[in-house]
Amino acid sequence: MSEAIECQARRRGRLWVAHEPKHGVYGSGRTLRLVRASVEDGLALVGVTAEVKIIPVTPELEELRDAEDARMTALAKAVEALALRRTSLSDIALATGASVKQVKLVLARPSRGSEGSRGSRLRSDGNPLAGRPAVM
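Residues numbered from 1 in each chain as written. Predicted model: local features only at pLDDT ≥ 70, side-chain atom pairs only at ≥ 80, totals over all residues. Heavy atoms only, no water.

Asker: Where do I start with the nonpolar core in this structure?
Answerer: Side chains of a nonpolar character, in soluble globular proteins, are inclined to be buried together. Core analysis: the biggest nonpolar cluster contains 13 residues, and Cys7, Ala18, Val39, Leu43 and Ile54 have the highest contact counts within it. Mapped by element, the contributors of at least two residues to this core are strand E1 (3–12), strand E2 (15–20), helix H1 (32–45) and strand E4 (50–57). Non-local contacts of Leu43, meaning those with residues more than four positions away in its chain, are made with Ile5, Glu20, His23, Val25, Val48 and Val52. (Core = buried A, V, L, I, M, F, W, Y, C linked by side-chain atoms within 4.5 Å. Buried < 20%, exposed > 50% of the residue type's maximum accessible area, 1.4 Å probe, protein only. Helix = DSSP H or I, 4+ residues; strand = E, 2+ residues; numbered from the N terminus. Contact = heavy atoms within 4.5 Å.)

Encoded structure:
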């Protein structure tokens with residue numbers, strides 16, 4: 001497969017319908033798997049070999065995605081705040097309901113806040129407790 005193509009699928013009665021506008025291909029089916037296969041078959045007819053990712057779209061799914069984004073933003077803020085207080089990874093995970101792996105991923109990403117990246121909150125000596133005197 002040379003490329004990956006994303007297609008939005010909408011519900012039409014009992015079927016899902018997807019349109020890939022770049023190549024003018026439509027696909028439909030009773031399940032999302034069948035829609036993906038239909039779009040892939042249509043792309044093959046126009047000479048495009050690609051993996052197709054179907055993104056189901058309904059108002060309820062959009063609301064769910066927005067709620068998940070808001071939760072991830074709140075989780076990142078909580079994890080960063082606890083990490084600045086030198087809380088252990090396992091305690092952060094227990095306090096937030098996230099896995100230790102998720103906590104590590106959040107801490108590895110640059111902060112999206114107005115303070116810039118996590119590295120900008122470090123003193124010049126690398127101490128994350130900005131504003132406190134360095135212990136020498």
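Asker: What's the story with the environment of Ile55 in this structure? I'm lost.
Answerer: Along the polypeptide, Ile55 turns up in strand E4. Ile55 sits in the partly exposed class, given a relative accessible area of 22%. Along the primary structure Ile55 and Arg36 are separated by 19 residues, whereas in three dimensions their C-alpha atoms are 9.8 Å apart. Other than its neighbours up to four places away in sequence, Ile55 contacts Glu6, Cys7, Gln8, Ala9 and Arg65.

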